[in-house]
Protein chains: 2
Amino acid sequence: MTTTSATDIVLAFCKAWETRDVDQIMAFMTEDCFYENVPMGHVRGTEEIAGLLQSFIGDAKEIDWVVHHIAESPSGVVLTERLDRFLIGDRWLEMRVMGTFELTEGKISAWRDYFDLGQYQKQMADS
Amino acid sequence: MTTTSATDIVLAFCKAWETRDVDQIMAFMTEDCFYENVPMGHVRGTEEIAGLLQSFIGDAKEIDWVVHHIAESPSGVVLTERLDRFLIGDRWLEMRVMGTFELTEGKISAWRDYFDLGQYQKQMADS
């Protein structure tokens, strides 16, 4: 038995992005996980989520998610304020994001990220 | 002396929007509060913030902020996942938002809201 908190799990999930390995990232999620990028829509389940995450990882040479703040509600829901950084070519794409994580038996079963889609599109156009 | 938690204060702040009274809302913030709508920019201090909030309240006939999740970090930073609803004419403008609140001596001294600006502009164009 472990005593890993929901907060610890979400921090480890954020850290796992540094591997740029979709399988390692997916290992934190339930098979029927619900994942929503609020401005873009939602997907559900390992196959759909893995495909979407792979598209985000794409050709990134480095990934670094900076967790500015993280807090866990009494019911175990974890809220984060982050800067998600992706090195693409020789430029860092930096997304200011807040996300909510709901866990089931130690795995992420729902994940909702809030950000401004225009912020993303502008950086992609500039790169 | 009270034992009001940072979470209680932020919940009361969200509730205060129902009054549509800028003075009552501003009473929760420090005089030098920093307020950022991440996709739109930031303002600082009572005068600038009050002016901006008044523009949001505008002609809203009702305001209702639904707090889906709220959590407080060990250092007392409060993170929220909300649906901010404004009744304008006969339609509800509904904003899906996450926001971070930092408090100083029981008042909000920094507030950052994350949302998709396009979501807002689309609803305004449709109304």
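Throughout, a residue's number is its position along its own chain's written sequence, starting from 1. Each chain is given a letter, starting from A, and each ligand a number, starting from 1, according to the order in which they appear as written. Residues qualify for local features only when their pLDDT is at least 70, as the model is predicted, and side-chain atom pairs are given and counted only at 80 or more; totals for whole chains, interfaces and linings, by contrast, use all residues. Side-chain numbers here rest on the full set of heavy atoms in the structure, without hydrogens or water.

Participant: Explain the overall build of chain A to me, please; I cannot follow it from the model alone.
Facilitator: Secondary structure elements follow DSSP: runs of H or I of four or more residues count as helices, runs of E of two or more count as strands, with numbering from the N terminus. Summing up its helical and strand segments, chain A has 4 helices and 6 strands in all. Along chain A, helices and strands appear, N-terminal first, in the series α-α-β-β-α-β-β-β-β-α. Against the compact-globule benchmark of 14 Å for 127 residues, chain A has a radius of gyration of 14 Å, which places it among compact chains. Taken along its principal axes, the extent of the C-alpha atoms in chain A is 45 × 30 × 25 Å. For chain A, long-range pairs separated by at least 24 residues make up 48% of all intrachain contacts whose partners lie at least 6 apart in sequence. Accessible areas in this description were obtained via Shrake-Rupley with a 1.4 Å probe; residue shielding takes into account the shown protein chains only. For chain A, the accessible surface area stands at approximately 6400 Å², while carbon and sulfur atoms represent 50% of it. In this charge count, Lys and Arg are treated as positive and Asp and Glu as negative; neither His nor the chain ends contribute. Charge coordinates come from a single atom per side chain, which is NZ of Lys, CZ of Arg, CG of Asp or CD of Glu. Here chain A carries 11 positive and 22 negative side-chain charges, and the mean point of each set is 6 Å from the other. Our radius of gyration looks at C-alpha atoms and nothing else; its globule reference is 2.2 Å times the residue count to the power 0.38. In what follows, residue pairs with any heavy atoms lying within 4.5 Å of each other are defined as contacts.

Participant: It is not clear to me how the sheet that holds strand S4 (residues 78–88) of chain B should be interpreted in this structure. Could you clarify?
Facilitator: In sheet architecture, strand pairing relies on hydrogen bonds along the backbone and comes in two forms, parallel and antiparallel. All names here are of chain B. Taken together, the 6 strands give an open sheet; going across it, the order is S2-S1-S6-S5-S4-S3, and neighbouring strands pair in mixed fashion. The open sheet is flanked by strand S2 (41–44) and strand S3 (62–72), the only strands paired with a single partner. Between one strand axis and the next, the sheet turns through 20° on average, direction left out of account. Pairing between S3 and S4: 10 bridges, direction antiparallel. In the strand pairing of S4, alanine 71 is matched with leucine 79. Note on geometry: axes are C-alpha line fits, over the in-contact stretch for helices, and angles between N-to-C directions span 0 to 180 degrees. Across the sheet, helix H1 (residues 6–16) touches strand S1 (29–37), S3, S4, strand S5 (91–104) and strand S6 (107–114), and the angle it forms with S3 is around 165°. A pair of strands is treated as paired once DSSP finds two or more bridges between them.

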